[in-house]
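Structural features, examined
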Amino acid sequence: MEQVLWYREPASEWMEGLPIGNGRLAAMVFGDERQDVLALNHEWLWRGLYRDRDNEPAAEWLEPVRTLLKSGNYFAAAGLANTFFGGRGGISQLPHRVDAYQPAGNLHFVLNDVKNYVQRDLDLMNGVAGVSRETAAGKVCAGFIVHPELNLIIGHWSGHFSGRLFFDRVADPDADESFQVNRMGIDYQCQFHDGIAYHVAIRLETDGIVTVEGQEIKIGQAGELTVAINIATSIRGIEDELAAYPLSGSFNWTELLRSHRQKYAAMMGRLALHVDIPDNPASTGERIAAVKAGGADDALPWLYFHYGRYLMVASSICGELPANLQGKWNDSLNPPWECDYHFDINLQMNYWLTEPTGLSECSEALFRYVERFMPHARKAAHDLYGCRGVLFPLQTDAWGRSTPEAFGWAVWIGAAPWIAQHFWWHYLYTGDRDFLRQRAYPFFREVARFYEDYLVMDEQGVFQIMPSQSPENRFAGTGYFPVSLGISSAMDVQLAYDALGYAIRSADLLQIDAEDMARWQVIQDHLPDFRIGSDGRLLEWDCEREEVEPGHRHLSHLYGLYPSSIFNPDERPDQYAAAVRSLHDRLEKGGGHTGWSRAWVACLSARIGDGNKVWEHLNGLIKDFATVSLLDLHPPRIFQIDGNFGAVAAVLESLAQFWHGKLHLLRALPPQWKTGRIEGLRVPGGHSISFTWIDGRVTSIDGILGYSGELLIAELSDRGGDMIFCGEPGDSFQRSFNPF
């Protein structure tokens, strides 16, 4: 089966286009029967109005909030806490200060004399989008890439054709703009009022006749047209960025395509998933329509899996910023949620896939992003709560400012502990001691220091978290506030347990900070219990409370089931069973009703070994929450990329999952994928494994041992038992089995 999306008809809108990118630059390729449109983006193109925002000191109000919480006056506590710690935006009726990610503009090429639209496609393995048409003079083919070495967007048309090229941007009353158009190309400058500036530079090469009429460039009697695009912002210095990726010289499309494909294929080829199912010869658009109409397509989730990997690569190769709510693609001046970063599931879900798929370097932008926050996150912890350590916001943008900007949602201290999980995973998967010592552990230590100051020991010697929330859910008694504040929500306790554990284990591995480690161990040992309710469900809050939305889209209290593994059948069977029951109950009451939530449910279903439910939710992502180009949707119809990324993690988790020191294979294999092979899967310990299965049973395993030199595999197919591969790091291993 080919990793290609293809269509017989053009995209009807931007959101049905085909995304290309390299992390720094991105473009959505769409258009109509006659024209190709490249909707352009640059990762640092945020308005910049609020890049120096700050907090008002409010730590003196923490104790009054805690007094109200202890007395059970949750409504008054929520009101006071949001007033002083909740910032603006949200339900405050005051404008927030999160900058919006912005579109750079659109490059159009309109062909003359088009007779027939033939096809458009996106080659995931090679990162190339293509469009073909028939004109009066013959077939015209176009190709589009964002080159990872030149760091430019390149478009190329070939055949016999004429047409016109122009650039535009949606009307923006809060920006000053100017154009320069000549026979060599187009230059567009834009200055946001009180914000940043940027420049779009477009250069063309053609063997055709070039004339300029107003702001359009007309191309006549051409056999080839190559357009190269650079975008520069004042964040890096416009002239410096233009000079760093020059548009001078000749652009040989054949050579550019070869080197681009080589880079993309090298990254995409690190992991391969083969499933023995018949391919579907219909176009991708026809296949999606059939599934939405109630049909079955066992190969479409396979394509969706590879599409998610592709989107990560296209968001990351040359990027300095992590993927935001829409990756690196946006066409709106006022995108939903500012197309920003949310630390209460969405940003984390984006990066669940990177380590196991062998795309560790794609996480680098995430780590650098977190590190840019550190100075202001320390100031925020002190100003808002009087604590050492760091406080990260629930919602934010590119500028590294830790300010709450979602009144009603933003009083939450769990963002930094949750993102710490990715630093720990990177160490687990790579064994990079320098990374652990120089980058991960310093972050863990700051998170642990915040807990030292923020937690409150009660009369029983238990360290309570207050105020605490379960993003983004609520219980009765908190009035009109959309998120309840209470004491020691399940998720906050689980996050504290894990984050303190990262600090403890890292200090032990590095043989440093023994006194700190001992203090953190005492706190971890005296956190609140993971409580189970009278109906057998894992409690979401500190006690049984009336749920306002029993089918809430967030499953925050199940963090300990996935992406954490605090709750597993070996170490905490009671809490594991309670978490499973909670998951089923949430779904029975309507949970999982957004794209990202459905992806999380698929991951949770995989973790509990339910392959049928994994399949149901993977297909649900396509049937209920996908555009014709398989981009994930949030209701009512908003592109949000986290569901694409989360689905990759769900597939990987269904095939191989790691907890309690063991690798569990095929624990949640979808029954439709009875036979297959995965190659190049990374697992904790630095191992790379490949294995084949027939009729749901593993028939062979091979791979390379990682830095730990030992790999323990449990629950091999349906035989039970453990298998240990031991040796020196880098040793290969191989074993075959008779499945019958």
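Before any of the text, the structure's been laid out above.
Below, the structure is looked at part by part. (Residues numbered from 1 in each chain as written. Predicted model: local features only at pLDDT ≥ 70, side-chain atom pairs only at ≥ 80, totals over all residues. Heavy atoms only, no water.)

1. Some thoughts on the pattern of salt bridges
Counted according to the given criterion, the structure contains 46 salt bridges. Aspartate 535 serves as the salt-bridge partner of arginine 537, at 2.7 Å between the closest nitrogen and oxygen. The class of arginine 537 is buried, set by a relative accessible area of 18%. Accessibility expressed as a relative area gives 31% for aspartate 535, which makes it partly exposed. The network of salt bridges with common partners includes Asp535, Arg537, Glu540, Glu547, Asp585, Arg586 and Lys589. (Salt bridge = Lys/Arg side-chain N within 4 Å of Asp/Glu carboxyl O. Buried < 20%, exposed > 50% of the residue type's maximum accessible area, 1.4 Å probe, protein only.)

2. Describing the side chain of threonine 594
Checked against the element boundaries, threonine 594 lands in the loop between α13 (573-588) and α14 (595-607). The residues contacting threonine 594, other than those within four sequence positions of it, are Arg553, Phe625, Leu633, His634 and Pro635. (Helix = DSSP H or I, 4+ residues; strand = E, 2+ residues; numbered from the N terminus. Contact = heavy atoms within 4.5 Å.)

3. Comments concerning helix α1 (residues 62-70)
Among the residues making up α1, those that are buried are Leu62, Val65, Arg66 and Leu69. Buried residues along α1 cover an arc of 100 degrees about the axis, so they all sit on one side. Residues of α1 that are buried in the fold lie against α2 (74-85), α8 (364-385), α10 (433-454) and β18 (456-457). Downstream of α1 by a residue or two, glycine 72 has a phi angle that is positive, lying close to 85 degrees. (Arc of directions from axis to C-beta.)

4. Some details on the packing of aromatic side chains
Scanning all chains against the criterion turns up 51 aromatic pairs. Plain terms: the ring middles of tyrosine 385 and tyrosine 454 are 5.5 Å apart, the flat faces sit at 85 degrees to each other, and that makes the pair edge-to-face. Taken together, the positions of tyrosine 385 in helix α8 and tyrosine 454 in helix α10 put the pair 69 residues apart, joining distant regions of the chain. By relative accessible area, tyrosine 385 is classed as buried at 5%. When the ring centre of tyrosine 7 is taken as origin, the NZ or CZ atom of arginine 120, which lies over that ring, is 4.3 Å away. (Phe/Tyr/Trp six-rings, centres within 6.5 Å; stacked < 30°, edge-to-face > 60°. Lys NZ or Arg CZ within 6 Å of the ring centre and 35° of its normal.)

5. Some points on the pairing of strand β26 (residues 697-704)
Of all the eight residues making up β26, six are buried; the element is thus mostly covered by neighbouring parts of the structure. With seven bridges connecting them, strand β25 (residues 687-694) and β26 associate as antiparallel partners. Within the sheet, the bridge partner assigned to phenylalanine 691 lies in β26 and is isoleucine 701. A loop of two residues connects β25 with β26, the two strands running antiparallel in sequence, and aspartate 695 in this loop sits at a positive phi of about 50 degrees. (Pairing = 2+ DSSP bridges.)

6. Concerning the sheet that holds strand β23 (residues 662-665)
Here we have four strands laid out as an open sheet, ordered β22-β23-β27-β28, and mixed in their pairing. Edge positions in the sheet fall to β22 (656-659) and β28 (722-726), since each has one partner strand and no second. Shown here is a sheet whose adjacent strand axes are inclined to one another by a mean of 30 degrees, direction ignored. Looking at chain direction, β23 and strand β27 (residues 710-714) are connected through two bridges and run parallel. Residue pairing in the sheet places leucine 663 in a bridge with isoleucine 713 of β27. Lying on the sheet, helix α16 (residues 642-655) is in contact with β22 and β23; it crosses β22 at an angle near 80 degrees. (Axes fitted to C-alpha atoms, helices over the stretch in contact; angles between N-to-C directions.)

7. Things to note about the sheet that holds strand β15 (residues 272-275)
The five strands are arranged β15-β24-β25-β26-β29 in an open sheet whose pairing can be described as antiparallel. Looking at which strands have only one partner, the edges of the open sheet turn out to be β15 and β29 (732-736). Here the strands of the sheet are splayed against their neighbours by 20 degrees on average, with no regard to which way each runs. Examined bridge by bridge, strand β24 (residues 676-683) and β25 share six bridges and lie antiparallel to one another. By the bridge assignment, valine 683 is partnered in β25 with histidine 687.

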